[in-house]
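This is what each chain is made of:
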Amino acid sequence: MEAARSRALAATLAVVALSVAALARAADRPCPAPAHPGAPVAIGTAEWNGWGRDDGNSRYQPEPALRATDVPKLALRWAYALAPARSYAQPTVVGGRVFVTSSTGWVYSLDARRGCTYWTYDAAAPIDTPVVIGALGKPVTLRPRWRRWHWQKAHIRVIEPPSAAIFGDAHGTVTALDASRGTVLWRTALGDRLHGAVSGAPVADDGRVYVPVASPNGGAGSLVALDLSSGAILWQSPPLLAHDAAAGEMTAPTSPTIDANRHALYVAIGDTGTLVALNLADGTLRWVGQGPPLPVATPPAAPRAPTRAARRGHAPARRVPAKAGARSAAADPPILQSLANGRQVLLTASAAGVVEAFDPDRGTPLWRTPVLSVAGGVEWSHAADHRKVYVSAASRVPQAGRDNAVIAAIDLATGALRWRKAAPQPLCASAQGCDPVRAHAITVIPGIVFCGSRDGHLRAYSTIDGMSIWDFDAARELPTVNDGPMHGGPLDRDGPTIVNGMAFADAVDRAHGEPAAGLVLAFSVDAK
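If you're wondering where the values come from, they're calculated on a predicted model, not measured in any experiment.

Trainee: Before we move on, can you summarise the sheet that holds strand β27 (residues 365-370) with the specific residues and values?
Mentor: Taken in spatial order, the four strands line up as β24-β25-β26-β27 in an open sheet, and their pairing is antiparallel. With partners counted over all chains shown, the strands left at the sheet margins are β24 (335-338) and β27, one partner each. Taken over all neighbouring pairs, the strand axes of this sheet differ in orientation by 25 degrees on average, direction set aside. Taken together, the four bridges between strand β25 (residues 344-349) and strand β26 (residues 354-358) define a ladder with antiparallel strand orientation. Across the sheet, residue L347 finds its bridge partner in β26, namely A357.

Structural data, given as structure tokens:
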């Protein structure tokens, strides 16, 4: 008994030490007081908000304020130390601020240009999903008024509403903070009700927050809709259990993809390849589908126009039968993207190394393309512009003389493989986790694909032919703005985000054992 108490006390003291360390690092670099304290964090059109940047989870930034020709000039502008914690989630960049979560439960609001700290918050539970910013109302437009022979004002003013920084933690609690000050607006304990953890990035849309929740004991996961202003539960989806899920297997819905035109949202479930469409209004099932067996290729088919009921968001649930044979897995958030002709496709990239396109109206497959010639799968996530979908994949067991890790581009309309490039040999020393696998989620801007790898290198490739045009080595000692020099390391999981001419990513220092130290990295052209 005494030994157990001692261990519990030691664990408590360790948590306190981590919290004190995090506070000390944040206090080392506070931001100057803003000119207008409490001014709302405005959500623009060119931000990177949440997992996929847009409702379709495309991971495509069409307005990066960064030309492809300037990418080779990118240099480290600042680095921010999260040690002794690390970040499992990519930075969210909105309103000139960078929002980062950490494995010890700390949330940071940093200045995008300087890397100084606006505020920190301790959630007291591990967080491995990014922050999403949601507006608490609509902008108010003040127009000039006519007063006796002259206009009272010569310009139109837009007053932005306050916004909330929303995240979920490993205990299943969803928290909304004032994005400007970091104070608590509301907390909703989904873990107490659903006995699970938040399994993907929440999505804020039209006054609601959609949260995926995993079941840790082999039960079905679910999706929950919350009121953005109060955190009240609006609806909970039916149980979402993956096809042929093994006993005890964790069924974790991905971050949802929003389809406002069809009044639907889409999630992928676990590692068994189940793609699910839900009605946006009430969370009822619209269809449940799964692709055909490998390696059958399905030719593109013209999508059927949605029914009147589907347009209203109340189409009856429809199950698309899975064919016999090996099935691919769809553990990454699905992407909804429009082709140049206006037609839309729903894209998944699987743990079987296959990219598939589906008809978003019916859930039927349009095409499917393997990207690996060996057994393996897609690492974390894919990205798509309006012409191609980009994916990184790696073999589970490397084989001599084979392309064991690749990055590839596939035609969005036909599924034709446009190019595929093998990963370069790792340049790092024999540190833990040093390999060429591109385990970063992919990010795309016009002309450029960004992707990091476990050897600590963040690279940029041409969207035309996949040639590497920029390479930054993060697996070395780097100066930080709040804690002196620190050693970077592997780039893993969530990928880089691009906003206003800057690129943001996270790296891990595993050279000095556990707990791994985390770094937030910010790049700009010539570090200016």
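Trainee: Residue-level account of the state of the cysteines, with values.
Mentor: Taken as a whole and judged by the stated rule, the model has one disulfide. Each sulfur of the disulfide joining C31 and C116 lies 2.1 Å from the other. Taking the sign of the torsion about the S-S bond as the criterion, the disulfide between C31 and C116, at about 95 degrees, is right-handed. Remark: C116 occurs in the loop between β4 (106-111) and β5 (117-122) and C31 occurs in the loop between α1 (2-27) and β1 (74-81); sequence separation between them is 85 residues. Owing to a relative accessible area of 13%, C31 belongs among the buried residues under this scheme. Accessibility expressed as a relative area gives 2% for C116, which makes it buried.

Trainee: I'd like a description of the side chain of H457, backed by residues and values.
Mentor: Counting through the fold element by element, H457 comes out in strand β35 (residues 457-462). According to the relative accessible area criterion, H457 is buried, its value standing at 4%. Here D471 takes part through its side chain, which lies 2.6 Å from a polar atom of the side chain of H457.

Trainee: Lay out the packing of aromatic side chains in plain terms, naming residues and giving numbers.
Mentor: Taken as a whole, this structure holds eleven aromatic pairs when the rule is applied. Measuring from ring centre to ring centre gives 6.1 Å for F99 and W119, while their planes differ by 50 degrees; the resulting arrangement is tilted. With F99 in strand β3 (residues 97-101) and W119 in strand β5, this pair connects stretches of sequence that are 20 residues apart. This pair shows no difference in class: F99 is buried, exactly as W119 is. Connected via pairs of aromatic rings, a cluster forms that spans F450, W470, F472 and F523. Over the face of the ring belonging to W51 we find R59, whose NZ or CZ atom lies 4.7 Å from the ring centre. In this arrangement the basic side chain of R97 is found over the ring face of Y118, its NZ or CZ atom lying 3.9 Å from the centre.

Trainee: Lay out the environment of L240 with the relevant residues and their values.
Mentor: Along the chain, L240 falls in the loop between β18 (233-236) and β19 (257-259). Residues L240 and L223, 17 residues apart in the sequence, show an inter-C-alpha distance of 8.1 Å.

Trainee: Just give me the short version of the sheet that holds strand β12 (residues 173-178), but keep the residues and values in it.
Mentor: In space, the four strands of this open sheet follow the order β6-β11-β12-β13, with antiparallel pairing throughout. The strands lining the two open edges of the sheet, one partner per strand, are β6 (132-135) and β13 (184-189). Strand-to-strand, the axes of this sheet are offset by a mean angle of 25 degrees, without reference to chain direction. The pairing of β12 with β13 spans five bridges and is classified as antiparallel. If you follow T173 over to β13, its bridge partner there is A189.

Trainee: An account of the nonpolar core is needed here, citing residue identities and associated values.
Mentor: V71, F450, W470, F472, L521 and F523 are the most contacted members of the largest nonpolar core, which has 24 residues in total. Counting residues per element, the ones that place at least two in this core are β1, β34 (448-452), β35, β36 (468-473), β40 (502-509) and β41 (517-525). With four residues, the single largest contributor to this core is β1. Once you skip the residues sitting within four places of it in the chain, F450 turns out to touch L66, V71, L74, A441, I442, T443, I445, R459, A460, W470, P496 and I498.

Trainee: Break down the pattern of salt bridges for me, citing the residues and quoting the values.
Mentor: Tallied over the full model, the rule gives twelve salt bridges. The closest approach of N and O atoms between D359 and R362, which form a salt bridge, is 2.8 Å. Between D455 and R459 there is a salt bridge, with its nearest N and O atoms 3.2 Å apart. Classification of D455 by relative accessible area gives buried; the value is 1%. Here the salt bridges share partners, and the residues they tie into one network are R67, D70 and K73.

Trainee: Could you give an account of unusual backbone geometry, naming the residues involved and the relevant values?
Mentor: In this structure, N57 is a non-glycine residue whose phi angle is positive, near 55 degrees. Along the polypeptide, N57 turns up in the loop between α1 and β1. A positive phi angle, near 55 degrees, is found at R59, a position not held by glycine. Along the chain, the position of R59 falls in the loop between α1 and β1. Note on R59: relative accessible area 0%, which makes it buried.

Trainee: Tell me what's going on with the pairing of β24, and back it up with residues and numbers.
Mentor: With four bridges connecting them, β24 and β25 associate as antiparallel partners. Within β25, the position partnered with Q337 by the bridge is V345. Hairpin connection from β24 to β25: five residues lie between these consecutive antiparallel strands, with G342 at a positive phi of about 95 degrees.

Each value, and the rule that gives it
- Per chain, residues are indexed from 1 in the order of the written sequence.
- A pLDDT threshold of at least 70 governs which residues receive local features in this predicted model, and a stricter bar of 80 or more applies before side-chain atom pairs are shown or counted, although totals over entire chains, interfaces and linings include all residues.
- Excluded from the side-chain calculation are hydrogens and water; included are all heavy atoms of the structure.
- A strand pair is defined by DSSP finding two or more bridges across the two strands.
- The helix count covers DSSP runs of H or I at least four residues long, the strand count covers runs of E at least two residues long, and both are numbered beginning at the N terminus.
- The axes are straight lines fitted to the C-alpha atoms, using for helices just the contacting stretch, and the angles between their N-to-C directions are given from 0 to 180°.
- We call a pair of cysteine sulfur atoms a disulfide whenever their separation is within 2.5 Å.
- A 1.4 Å probe rolled over the protein chains alone gives each residue an accessible area, and that area as a share of the maximum for its type sets the label: buried under 20%, exposed over 50%, partly exposed in between.
- Within 3.5 Å is the distance limit for a polar contact, defined as a pair of N or O atoms, with the added protein rule that one can donate a hydrogen and the other accept it, and that residues adjacent in sequence qualify only through two side-chain atoms.
- Note on ring pairs: Phe, Tyr and Trp rings are taken, using the six-membered ring of Trp, and paired if centres are within 6.5 Å. Classes follow the plane angle, with under 30 degrees stacked, over 60 edge-to-face and the rest tilted.
- Remark: a charge is flagged as sitting over a ring if the NZ atom of Lys or the CZ atom of Arg is within 6 Å of the ring centre and within 35 degrees of the ring normal.
- In these notes, a set of buried Ala, Val, Leu, Ile, Met, Phe, Trp, Tyr and Cys residues joined through side-chain atoms within 4.5 Å is what counts as a nonpolar core.
- Contact criterion: two residues are considered in contact whenever any of their non-hydrogen atoms come within 4.5 Å of each other.
- The term salt bridge refers to a pairing of a side-chain nitrogen on Lys or Arg with a carboxyl oxygen on Asp or Glu at a separation within 4 Å.

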